[in-house]
Amino acid sequence: MIHVQSLSYSFGNHWALKDVSFSLAPGDFLFLVGPSGAGKTTLMRVLHGSLPVQRGRAEVAGVDLGKLKAGRLHYLRRQIGVVFQDFKVLAGRTVFDNVALPLYVQGMKKQVIQHRVRAVLRSLELDTKAQCPCQELSGGEQQRVAIARSVVIKPKIILADEPTGNLDHELGQRLMHVFHQFNKHGTTIVFATHNREILANTPHANILYLRDGATVVRENAPYG
Ligand SMILES: Nc1ncnc2c1ncn2[C@@H]1O[C@H](COP(=O)(O)OP(=O)(O)OP(=O)(O)O)[C@@H](O)[C@H]1O
Ligand SMILES: [Mg+2]
């Protein structure tokens, strides 16, 4: 589902990723860990096609990102649910509209959209907020809206960049349950986190530890 080989990425003369390699099959779960500035977000952005492949190879959902044509990017993005670190939600739109947007873009029927969005909002305990404008939400609520928006398309791959950063312990755990459920149904997940408890609670995951853009350790056992 994801194959990365000798991937390097530089911003100017600073190498944010250095010779990173890994492979994920459908249903695999990968944690990206490492100190601030290690390259986690950069790697996510390359996998999402928002930064180009400069060196090495990256293939995502059968698409070779090094040879990506503009038309294919659209196809690729339909397979990937993303939760970015700065989880931008559309202020001025309701929670429901924010989550429904990617389904509207896909041209899905209104009734199906209603059904899907309600189910996702329920699973993230946002159902009572459906009609709230997003600017009136707390940080943690906005983060959950971003997560709802990423999973509502039933993606093959989820790229989640510290999605539990703003959530309290209990909510973070419930949220992990949502990710685990998707993973159980075959969704491949790449998840950046600093939280050791989350790593310990996902024992089947692989772990890629980055430092200064390079792979320090890669392991299959729980971390911490
Ligand atoms: N747009 C940019 N322009 C220049 N340098 C950048 C840019 N984005 C990231 N970098 C640099 O690339 C390196 C990797 O950054 P990245 O955001 O991938 O780290 P990270 O592991 O996600 O860190 P954090 O845990 O703080 O989110 C850092 O040294 C950062 O300063
Ligand atoms: Mg980051």
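Position numbers for residues start from 1 in each chain and track the written sequence from start to end. The order in which chains are written sets their letters, starting at A; the order in which ligands are written sets their numbers, starting at 1. Under the rules for a predicted model, residues below a pLDDT of 70 receive no local features and side-chain atom pairs below 80 are neither given nor counted, while totals for whole chains, interfaces and linings still include all residues. Processing note: side-chain calculations cover all non-hydrogen atoms of the structure and skip hydrogens and water entirely.

1. Some thoughts on the environment of Asp 161
Test applied: The helix count covers DSSP runs of H or I at least four residues long, the strand count covers runs of E at least two residues long, and both are numbered beginning at the N terminus. Whether two residues are in contact is decided by their heavy atoms, any of which lying within 4.5 Å being enough.
Here Asp 161 is to be found in strand S7 (residues 157-161). Residues Asp 161 and Gln 173 lie 12 residues apart in sequence; the distance between their C-alpha atoms is 16 Å. Once you skip the residues sitting within four places of it in the chain, Asp 161 turns out to touch Thr 41, Met 44, Val 83, Phe 84, Gln 85 and Ala 192.

2. Some thoughts on the site of ligand 1
Put simply, the test is: Here a residue is near a molecule or strand as soon as one of its heavy atoms is found within 4 Å of it. Side-chain atoms alone can form a polar contact between residues adjacent in sequence; in general such a contact is a pair of N or O atoms within 3.5 Å, and within protein one must be able to donate a hydrogen while the other accepts it. The accessible surface values rely on the Shrake-Rupley method and a 1.4 Å probe; as for residues, cover is taken only from the protein chains in view. Residue polarity follows a fixed list, in which Ala, Val, Leu, Ile, Met, Phe, Trp, Tyr, Cys and Pro are nonpolar, Asp, Glu, Lys and Arg are charged, and the others, Gly among them, are polar.
Around ligand 1 sit 14 residues in total, of which Ser 36, Gly 37, Lys 40, Thr 42 and Gln 85 are the nearest. Contact distances for ligand 1 include 2.8 Å between an oxygen atom and a backbone N or O atom of Gly 37. In the environment of ligand 1, an oxygen atom lies 2.6 Å from a nitrogen or oxygen atom belonging to the side chain of Thr 42. Look at ligand 1: alone it shows 640 Å² of surface, and the protein chains cover 63% of it. When contributions to the shell around ligand 1 are tallied by element, the ones reaching two or more residues are strand S2 (14-24) and helix H1 (40-47). With three residues, H1 is the largest single contributor of residues to the shell around ligand 1. In terms of residue class, the shell around ligand 1 is built from four nonpolar, eight polar and two charged.

3. Focus: the nonpolar core
Side chains of nonpolar character tend, in soluble globular proteins, to be buried together. Note the cut-off: To define a nonpolar core, start from buried Ala, Val, Leu, Ile, Met, Phe, Trp, Tyr and Cys residues and group those joined through side-chain atoms within 4.5 Å. When accessible area is computed with a 1.4 Å probe and restricted to protein chains, residues below 20% of their type maximum are described as buried, those above 50% as exposed, and intermediate ones as partly exposed.
Counting residues in hydrophobic clusters, the biggest one holds 43 residues, and the most contacted among them are Phe 31, Val 117, Leu 121, Leu 124, Val 145, Phe 179 and Phe 191. The biggest single contributor to this core is helix H6 (residues 169-184), with six residues. Apart from the residues lying within four places of it in its own chain, the contact partners of Val 117 are Phe 96, Val 99, Ala 100, Leu 103 and Val 152. Counting residues in each nonpolar core, the second largest holds 30 residues, with Leu 32, Leu 43, Ile 157 and Ala 192 among its members.

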